[in-house]
Amino acid sequence: MNKQFVKYVPTVFIAFVFVQSLFFKFTGSYETDYIFGVLGAWSGLEFFGNYGGYIIGVAELIASILLFTRWHGLGSLMAMGIMSGAIIFHLFTPLGVVMPEFNEVGEVVGSDGGLLFIMACLVWLSAVFLSLRDLKDPQGILNKIVNSGV
């Protein structure tokens, strides 16, 4: 199989998931308000409840852009870090794995059946794959950083 194809499938997947979620994070959707509200209340960090969606959204946007540059190894490392946080918050906080679904007026109308958590896991696995691939590539930025003695 073509090496570029193997690289771009997980890259496009990560960027797709991150970019499509920006609409929710940057428009103050009920889902985003719920997730970051729960995390803000749990952590005692009120600003995270109010601004966490924007902070994470900006980080996801930066990672998505980096994935398509010569710095793609850093983008994959960022994606891995962002998704590690998401997975940990889903598993070890009151947030939980199954998220509520809201209608257009903010009423809970069901659940996502764990889809958001599953997507976080798939993005994390894709980012790990890309990071390891970049680490092994002699031209990879992660390889250069590790082997530069910095």
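These figures come from a predicted structure and were not determined experimentally.

Draft legend 1. Just the layout of surface pockets, in detail. Estimated volume of the largest pocket: approximately 860 Å³. Around the largest pocket, the lining comprises 34 residues; the ones closest to its centre are S21, K25, I35, H90 and L116. In terms of residue class, the lining of the largest pocket is built from 23 nonpolar, 6 polar and 5 charged.

Draft legend 2. Region of the structure containing the nonpolar core. With 17 residues, the main nonpolar core has I14, F18, A79, I82, M83, V123 and A127 as its most contacted residues. Counting only elements with at least two residues in this core, the list comes to α1 (3-26), α3 (46-66), α4 (72-92) and α5 (115-136). Looking at which element gives the most residues to this core, the answer is α5, with 6 residues. In this view, I14 contacts L67, A79, V123, S126, A127 and L130; residues no more than four positions away in its chain are not counted. Listed in part, the 7 residues of the second largest apolar core include I35, F36, F48 and M99.

Draft legend 3. Summary view of the environment of G57. Here G57 lies in helix α3. Relative accessible area serves as the criterion here: at 0%, G57 is assigned to the buried category. On a C-alpha basis, the gap between G57 and I82 in space is 10.0 Å, while along the polypeptide they are 25 residues apart. In this structure G57 touches L22, K25 and F26, once residues within four positions along its chain are discounted.

Draft legend 4. Fine view of the pattern of salt bridges. Following the criterion strictly, the structure yields 1 salt bridge and no others. A salt bridge links K25 to E60, with the shortest nitrogen-to-oxygen separation between them at 3.1 Å. Placement of the pair is K25 in helix α1 and E60 in helix α3, with a sequence separation of 35 residues. Of the two residues, K25 and E60, neither departs from the other in class, the shared state being buried.

Draft legend 5. Representation of the pairing of strand β2 (residues 108-111) within the structure. Alignment of strand β1 (residues 100-102) against β2, held across 3 bridges, turns out to be antiparallel. Note that in β2 the partner of P100 across the bridge is S111.

Draft legend 6. Main features of a nonpolar patch on the surface. Among the surface-exposed residues, F26, L45, F47, Y51, Y54, I55, V58, L61, I62 and I65 lie close enough to one another that they form a single nonpolar patch of about 900 Å² accessible area. Counting residues per element, the nonpolar patch draws most heavily on α3, at 8 residues. In this structure, Y54 sits in helix α3. Residue Y54 is classed as partly exposed on the basis of its relative accessible area of 37%.

Draft legend 7. View of the packing of α3 against α4. Where α3 meets α4, the axes come as close as 7 Å, and the angle between the chain directions of the two elements is 150 degrees. Here α3 is positioned roughly antiparallel relative to α4, judged by the angle of their axes. α3 and α4 meet at a crossing whose hand is left-handed. Where α3 approaches α4, its residues I56, A59, E60, I62, A63 and L66 are matched on the opposing element by H72, L74, G75, M78, A79, I82 and M83. Grouping the amino acids of the contact of α3 with α4 by side-chain chemistry returns 10 nonpolar, 2 polar and 1 charged.

Criteria and thresholds
- Sequence order as written defines residue numbering, which begins from 1 separately in each chain.
- A pLDDT threshold of at least 70 governs which residues receive local features in this predicted model, and a stricter bar of 80 or more applies before side-chain atom pairs are shown or counted, although totals over entire chains, interfaces and linings include all residues.
- Side-chain metrics rest on all non-hydrogen atoms present in the structure, leaving aside hydrogens and water.
- Method remark: on a 1 Å grid restricted to protein atoms, a set of points is classed as a cavity if a 1.4 Å probe fits but cannot get out and as a pocket if it is open with protein on both sides within 12 Å along at least five of seven lines; lining residues have an atom within 4 Å of a point.
- Grid points are joined across faces, edges and corners, and a volume is the space filled by probe spheres set on the points.
- Residue type decides the class: Asp, Glu, Lys and Arg count as charged, Ala, Val, Leu, Ile, Met, Phe, Trp, Tyr, Cys and Pro as nonpolar, and the leftover types, Gly among them, as polar.
- In these notes, a set of buried Ala, Val, Leu, Ile, Met, Phe, Trp, Tyr and Cys residues joined through side-chain atoms within 4.5 Å is what counts as a nonpolar core.
- Throughout, exposure labels follow a simple rule: accessible area from a 1.4 Å probe, protein chains only, divided by the maximum for the residue type, with under 20% read as buried, over 50% as exposed, and the rest as partly exposed.
- Every helix listed is a DSSP run of H or I at least four residues long, and every strand listed is a run of E at least two residues long, numbered separately from the N terminus.
- We call two residues in contact when some of their heavy atoms are within 4.5 Å.
- Each salt bridge in this description consists of a side-chain nitrogen of Lys or Arg and a carboxyl oxygen of Asp or Glu lying within 4 Å of one another.
- We treat two strands as partners when DSSP finds at least two bridges between them.
- For patch building, the residue pool is restricted to those with more than 30% relative accessible area and no salt bridge; the joining distance is 9 Å between like charges and 5 Å between nonpolar side chains (Val, Leu, Ile, Met, Phe, Trp, Tyr).
- Every accessible area reported is derived by Shrake-Rupley at a probe size of 1.4 Å, with residue values counting cover from the shown protein chains alone.
- Every axis in this analysis is a line fitted to C-alpha atoms, fitted for helices over the stretch in contact. Angles between the N-to-C directions lie between 0 and 180 degrees.
- An angle below 35 degrees is read as roughly parallel, one above 145 as roughly antiparallel, one from 65 to 115 as roughly perpendicular, and any other as oblique.
- Should the near helix be turned anticlockwise from the far one by less than a right angle, the crossing is left-handed, and should it be turned clockwise, the crossing is right-handed.

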